[in-house]
Amino acid sequence: MSLDVDIEHTRGTFRLAARFSSQPGVTALFGRSGSGKSSLVDIVAGLIRPLRGKVVVDGQTLVDTERGVFVPAHRRRIGYVFQDSRLFPHLSVRQNLLFGRWFARGEGGVAGDFDSIVKLLGIGHLSERKPNSLSGGEKQRVAIGRALLARPRLLLMDEPLASLDEARRAEILPYMERLRDGTGVPILYVSHSVVEVARLATTVVILSEGKVTAVGPVLDILPLADANDGGSALDAIVTAHDETFQLTTLASTAGELQVPKLAAVVGSSVRAYIRSRDVMLSLQPPQEISALNVLAGRVVTISEGGAQADVRLDCNGAVVMARLTTKSVRRLALAPGRPVFAVIKSVSFERS
Amino acid sequence: MTEEEWTAVRLSLLVAVTATAASLLPGIAVAWLLARRQFWGKGLVDTIVHLPLIMPPVVTGYLLLILFGRRGPIGAFLEQTFGIVLAFRWTGAALACAVMGFPLMVRAIRLSIEAVDTRLESAAGTLGASPLWVFATVTLPLCLPGVIAGAILTFAKAMGEFGATITFVSNIPGETQTLPSAIYTLTQIPGGDAGALRLTAVSIAISMAALLASEVLARRIGTRHLPA
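Below: a short report on this structure. (Residues numbered from 1 in each chain as written. Chains lettered and ligands numbered in written order. Predicted model: local features only at pLDDT ≥ 70, side-chain atom pairs only at ≥ 80, totals over all residues. Heavy atoms only, no water.)

### Digging into the overall build of chain B
The number of helices and strands found in chain B is 10 helices and zero strands. Secondary structure elements in chain B, listed N-terminal to C-terminal, are α-α-α-α-α-α-α-α-α-α. For chain B, the spread of C-alpha atoms along the three principal axes comes to 65 × 45 × 30 Å. Among the 228 residues that make up chain B, the fraction classed as buried is 46%. Within chain B, contacts between residues separated by at least 24 positions form 72% of all contacts whose residues are at least 6 apart in sequence. Seen as two clouds, the 15 positive and the 12 negative side-chain charges of chain B have centres 8 Å apart. (Helix = DSSP H or I, 4+ residues; strand = E, 2+ residues; numbered from the N terminus. Buried < 20%, exposed > 50% of the residue type's maximum accessible area, 1.4 Å probe, protein only. Contact = heavy atoms within 4.5 Å. Lys, Arg positive; Asp, Glu negative; His and termini not counted. Charge placed at Lys NZ, Arg CZ, Asp CG, Glu CD.)

### Thoughts on helix 4 (residues 136–149) of chain A
Since the α-helix turns once every 3.6 residues, residues separated by three or four places project in the same direction. For helix 4 of chain A, which comprises 14 residues, the first-to-last C-alpha distance of 20 Å matches the rise-based estimate of 20 Å (1.5 Å per residue) to within 8%. Taken across its 14 residues, helix 4 of chain A has 12 buried, putting it largely inside the fold. Of the residues making up helix 4 of chain A, those classed as buried are Gly137(A), Glu138(A), Gln140(A), Arg141(A), Val142(A), Ala143(A), Ile144(A), Gly145(A), Arg146(A), Ala147(A), Leu148(A) and Leu149(A). Where helix 4 of chain A is buried, its residues contact strand 7 (78–81), helix 2 (93–103), helix 3 (114–121), strand 8 (154–158) and helix 5 (166–183) of chain A together with helix 6 (118–126) of chain B. Following helix 4 of chain A by one or two positions, Arg151(A) has its phi on the positive side, about 50°. (Expected span 1.5 Å × (residues − 1).)

### Concerning the pattern of salt bridges
Residue and element names in this part refer to chain A. Under the definition given, this model contains 18 salt bridges over all chains. Note that Glu-304 and Arg-330 form a salt bridge whose closest N and O atoms lie 2.7 Å from each other. Of the two residues, Glu-304 is situated in strand 17 (residues 293–305) and Arg-330 in helix 8 (residues 326–331); the sequence distance between them amounts to 26 residues. For Arg-330, a relative accessible area of 54% corresponds to the exposed category. (Salt bridge = Lys/Arg side-chain N within 4 Å of Asp/Glu carboxyl O.)

### Things to note about the interface of chain B and chain A
Listed as interface residues are 21 residues of chain B and, on the opposing side, 21 residues of chain A. The contact between chain B and chain A buries some 1800 Å² in all, and 70% of this surface belongs to carbon and sulfur atoms. The largest contributions to the chain B side of the interface with chain A come from Leu120(B), Thr126(B) and Leu127(B), which together make up 36% of the buried area. If you look at where chain B meets chain A, you find one salt bridge. Listed by contribution, the elements that provide at least two residues to the side of chain B that touches chain A are helix 6, helix 7 (131–160) and helix 10 (193–225) of chain B. Among the elements that line the side of chain B that touches chain A, the one with the most residues is helix 6 of chain B, at seven residues. Of the residues belonging to the side of chain B that touches chain A, the class tally is 12 nonpolar, seven polar and two charged. (Buried area = accessible area lost by both parts, 1.4 Å probe. Nonpolar A, V, L, I, M, F, W, Y, C, P; charged D, E, K, R; others polar.)

### Observations concerning the packing of helix 3 of chain A against helix 4 of chain A
All names here are of chain A. Packing of helix 3 against helix 4 leaves a shortest axis separation of 10 Å and a crossing angle of 155°. As the angle between them shows, helix 3 and helix 4 are arranged roughly antiparallel. Seen along the crossing, helix 3 lies across helix 4 with a hand that is right-handed. Taking contact as the criterion, the partners of Phe-114, Ile-117 and Leu-121 in helix 3 are, on helix 4, Arg-141, Ile-144, Gly-145, Leu-148 and Leu-149. (Axes fitted to C-alpha atoms, helices over the stretch in contact; angles between N-to-C directions. Parallel < 35°, antiparallel > 145°, perpendicular 65-115°, else oblique. Left-handed = near helix turned anticlockwise from the far one by under 90°.)

### A few points about the pairing of strand 14 (residues 255–260) of chain A
Residues and elements named next belong to chain A. Note that strand 13 (residues 247–252) and strand 14 share six bridges and pair antiparallel. Following the sheet pairing, Thr-249 is matched in strand 14 by Gln-258. Taking the residues between adjacent antiparallel strands as the criterion, strand 13 and strand 14 are bridged by two residues. (Pairing = 2+ DSSP bridges.)

### Comments concerning the sheet that holds strand 16 (residues 279–282) of chain A
In sheet architecture, strand pairing relies on hydrogen bonds along the backbone and comes in two forms, parallel and antiparallel. Residues and elements named next belong to chain A. With respect to topology, five strands assemble into an open sheet ordered 16-20-17-18-19, the strand pairing being antiparallel. Lying at the two open borders of the sheet, with one neighbouring strand each, are strand 16 and strand 19 (318–325). Mean inter-strand twist for the sheet, computed between neighbouring axes without regard to direction, equals 45°. Of the pairings in the sheet, the one linking strand 18 (residues 308–315) to strand 19 comprises eight bridges and is antiparallel in character.

### Some remarks on the packing of aromatic side chains
Applying the stated rule across the entire model yields seven aromatic pairs over all chains. Here the aromatic rings of Trp32(B) and Phe135(B) are separated by 6.5 Å at their centres, their planes lie at 80°, and the arrangement is edge-to-face. Here Trp32(B), found in helix 1 (residues 3–36), pairs with Phe135(B), found in helix 7; they are 103 residues apart in sequence, far enough to count as distant. Residue class for Phe135(B) comes out buried when judged on its relative accessible area of 17%. Linked through ring pairs, Phe88(A), Phe99(A), Phe103(A) and Trp133(B) together constitute an aromatic cluster. Arg86(A) extends its terminal NZ or CZ atom over the ring of Phe82(A), reaching a point 3.8 Å from the ring centre. The lysine or arginine in question, Arg146(A), covers the ring of Phe88(A), its NZ or CZ lying 4.6 Å from the ring centre. (Phe/Tyr/Trp six-rings, centres within 6.5 Å; stacked < 30°, edge-to-face > 60°. Lys NZ or Arg CZ within 6 Å of the ring centre and 35° of its normal.)

### Things to note about the side chain of Thr178(B)
Residue and element names in this part refer to chain B. Examined against the element boundaries, Thr-178 turns out to sit in the loop between helix 8 (163–169) and helix 9 (179–188). Accessibility expressed as a relative area gives 2% for Thr-178, which makes it buried. Beyond its immediate sequence surroundings of up to four residues, Thr-178 is in contact with Ala-8, Leu-11, Ser-12, Val-15 and Glu-161.

### Remarks on empty space enclosed by the protein
Residues and elements named next belong to chain A. Tallied over the full model, the rule gives one cavity of 30 Å³ or more. One number sums up the size of the largest cavity: a volume of about 30 Å³. Around the largest cavity sit Val-26, Met-157, Met-176, Leu-179, Arg-180, Ile-187, Tyr-189 and Leu-200, which together line it. Examining the composition of the lining of the largest cavity, we find that three residues originate from one element, helix 5, more than from any other. When grouped by side-chain class, the residues that make up the lining of the largest cavity number seven nonpolar, no polar and one charged. (1 Å grid on protein atoms, 1.4 Å probe; cavity = no way out; pocket = protein on both sides within 12 Å on 5 of 7 lines; lining within 4 Å. Points joined across faces, edges and corners; volume = space filled by probe spheres on them.)

### Concerning unusual backbone geometry
Residues and elements named next belong to chain A. Despite not being glycine, Glu-159 has its phi angle at roughly 45°, a positive value. With respect to the helices, strands and loops of the structure, Glu-159 is situated in the loop between strand 8 and helix 5. For Gln-246, which is not glycine, the phi dihedral falls at a positive 55°. Locating Gln-246 in the fold gives a position in the loop between strand 12 (231–242) and strand 13. The partly exposed category is assigned to Gln-246, whose relative accessible area is 43%.

Right under this line is the structure:
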């Protein structure tokens, strides 16, 4: 499967000019809200007609404004999972699931066998229910099943988890991984969550103010996804405040962190961003050092680009990115699997 | 009730059912166009559809006579090409009732189509349904309560239509004398009061039955897919 997009579109004062190609697997369209991700996906789906440009899937031109080509949405064989599930309220779950299959009679695409997809998504017991009686997580699983059973050659997912709470998200993510690994349907996945993208994507396209600013494999691109200089996110809980030194203690999967006092009550969750250039690595547990935060971890990958190298660490299951000079990487003889200590110079926050 | 009164009741039912059935498909089509499409002259179509609602019924009836009478442009064409004559026939009464009820039908259906979430329609499109299938499998089932309400309104309007009908097809017993015309005739002759009252009772009974039927139907369809 290949998807080539090169389009220009305007809506009001917003200008979208995007060009990218995606590979098999999950391609994440990553960007802040208002960066044009949803419009881009609607253009691929055929719900929006772009002002200029081309969309080509598997060598078939779906849109070519110069030649006046525009294949309507219902002839594109592109599945779409919407943020708001959009299940048909007058049909049962089973009828919803079978809706697209009827229109896809005998045509190509990935063979979606009803029983295996229902089992994959764990929605067999919902068959006779009406969409209104389902929970948010169940609705999204049914919506994914419905899109898959229409035998799409490409599946679009527009923030399928955004309307769900943390617990529901955690419930669906494993299904998404099974989907990616089990069905072979290529996916274009829109998200503004680093966590989802890191977990699901093979390729990342970063969109900013209507423009593609970076495209590439997830490990190379994700560090760029956060602001301009890259970083990693840690979900943490506030455990204590220290009035004397005006510090707050956080517990995260990667370990304990001490940060300048936060205006957050004990027990609340925060998301800590650690910029990769604020992380130093040491082979020994550092002693007598000014930095308060040291996390133990292991090198996962090292991607070198000229003088600089981005080192991805696994700290007790959490990802921490460090940006070093290539010279330091050589001097410390860093390699995947090597245990290291990450010295964190500063941490920034986003309340989650 | 006399034989003549029964004839008027039967004729009224025939005219009303025919008028409703005949305007259902065009009513849905026009309502969909007005609700979902932008086109040149949309305002004009909207106005023409609503015209019978605001014009005096006698004026509508007279315009029908001019257009559909045997020497009218459409009437003459229909007679020469298909041998169909509407003037002074029960079919003409059905046409007059359909025209008078059309704005009510279009209004009810249009509102219910507008209430159907277009995002569901585009979702159906991405699942491979062509626009016609989207309409048949998503839009129509979801706006069915409005379609039923429109049909009942048209039926009720047809049962009571007087001005346009009497102007267009006159008041011929057994051919064009519907319930309202029969009641009107009875009030004009001495000793007709008892007959007029009997027909009035029948008229009220039919109207109430229609209203009840619409309530029951709308409730049954409504509970099928709307949140409780």
